[in-house]
Amino acid sequence: MSDSTEPAADLTATHIRRAHAGDAGALALAGAATFLETFAGILHGRDIVEHCRAQHAAEVYSAWLADPACASWLAETDRGDAPVGYAVVAPAKLPLADVSDDDLELKRIYLLSRFHGGGVGRELMRHAVAESRARGARRLLLGVYAGNARALAFYARNGFRQVGERSFQVGRNTYGDAILALHLHE
């Protein structure tokens, strides 16, 4: 039983730090959890499981963490350091005719919904944009499920505009993605 004179702990308080080689498992867990949470009931469950097994494996994150061309940040709870979100910036690999070596891609920016609305997503984005600018990128690109209205609104609030479309394979099915861009040096 807690003493009623002590303030209640804020269970959604978080901090963000640069991810390092030992964080691959935490990133994989946060990635799979947020993907499941976001797309359960929207995408087929079998496709979600297959996608997470392949795309959110610790080895995927280990490769990004080992690559100096990539940068990652991990959002953790203040109480217990549980991973609740993250962002990954990498060289751009999107199907646009004008993609260049001067572009970077926000490969992932995920946050458990319990932590939405508190500024954590905005802070992860701030890190990704600052890193992209520091690396001299002309644009920060990303692909997002075209049916994810919440994510599209978040990206629009952060200055991203649609510049293309792509097909995105999740499990055995193909879905439509919007490709968005943030021009960094205008």
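Residues numbered from 1 in each chain as written. Predicted model: local features only at pLDDT ≥ 70, side-chain atom pairs only at ≥ 80, totals over all residues. Heavy atoms only, no water.

Caption draft 1: Local environment of the pattern of salt bridges. Considering all chains together, one arrives at 11 salt bridges under this definition. Its salt-bridge partner being Arg 46, residue Asp 47 comes within 4.0 Å of it at the nearest N-O pair. Two residues, Arg 135 and Glu 131, come together in a salt bridge whose shortest N-O distance is 2.7 Å. Given the relative accessible area of 33%, Arg 135 is considered partly exposed. Taken together, the salt bridges that share partners define one network made up of Asp 98, Asp 103, Arg 138 and Arg 139. (Salt bridge = Lys/Arg side-chain N within 4 Å of Asp/Glu carboxyl O. Buried < 20%, exposed > 50% of the residue type's maximum accessible area, 1.4 Å probe, protein only.)

Caption draft 2: How the structure looks around the packing of helix α1 (residues 24–39) against helix α3 (residues 58–66). Axis separation between α1 and α3 bottoms out at 8 Å; the angle between their running directions is 125°. What the angle tells us is that α1 and α3 run oblique. Taken as a pair, α1 and α3 cross one another with a handedness that is right-handed. Facing Ala 24, Gly 25, Leu 27, Ala 28 and Gly 31 of α1, the residues of α3 in contact are Ala 58, Tyr 61, Ser 62 and Leu 65. In terms of residue class, the contact of α1 with α3 is built from six nonpolar, three polar and no charged. (Axes fitted to C-alpha atoms, helices over the stretch in contact; angles between N-to-C directions. Helix = DSSP H or I, 4+ residues; strand = E, 2+ residues; numbered from the N terminus. Parallel < 35°, antiparallel > 145°, perpendicular 65-115°, else oblique. Left-handed = near helix turned anticlockwise from the far one by under 90°. Contact = heavy atoms within 4.5 Å. Nonpolar A, V, L, I, M, F, W, Y, C, P; charged D, E, K, R; others polar.)

Caption draft 3: Fine view of the side chain of Asn 148. By secondary structure assignment, the location of Asn 148 is in the loop between β5 (139–145) and α5 (149–157). On the basis of relative accessibility, which here comes to 17%, the residue Asn 148 falls in the buried class. A polar contact is formed between the side chain of Asn 148 and the backbone nitrogen of Ala 151, at a distance of 3.1 Å. Those residues in contact with Asn 148 that sit more than four places away from it in its chain are Thr 38 and Phe 39. (Polar contact = N/O pair within 3.5 Å; in protein donor to acceptor, adjacent residues only side chain to side chain.)

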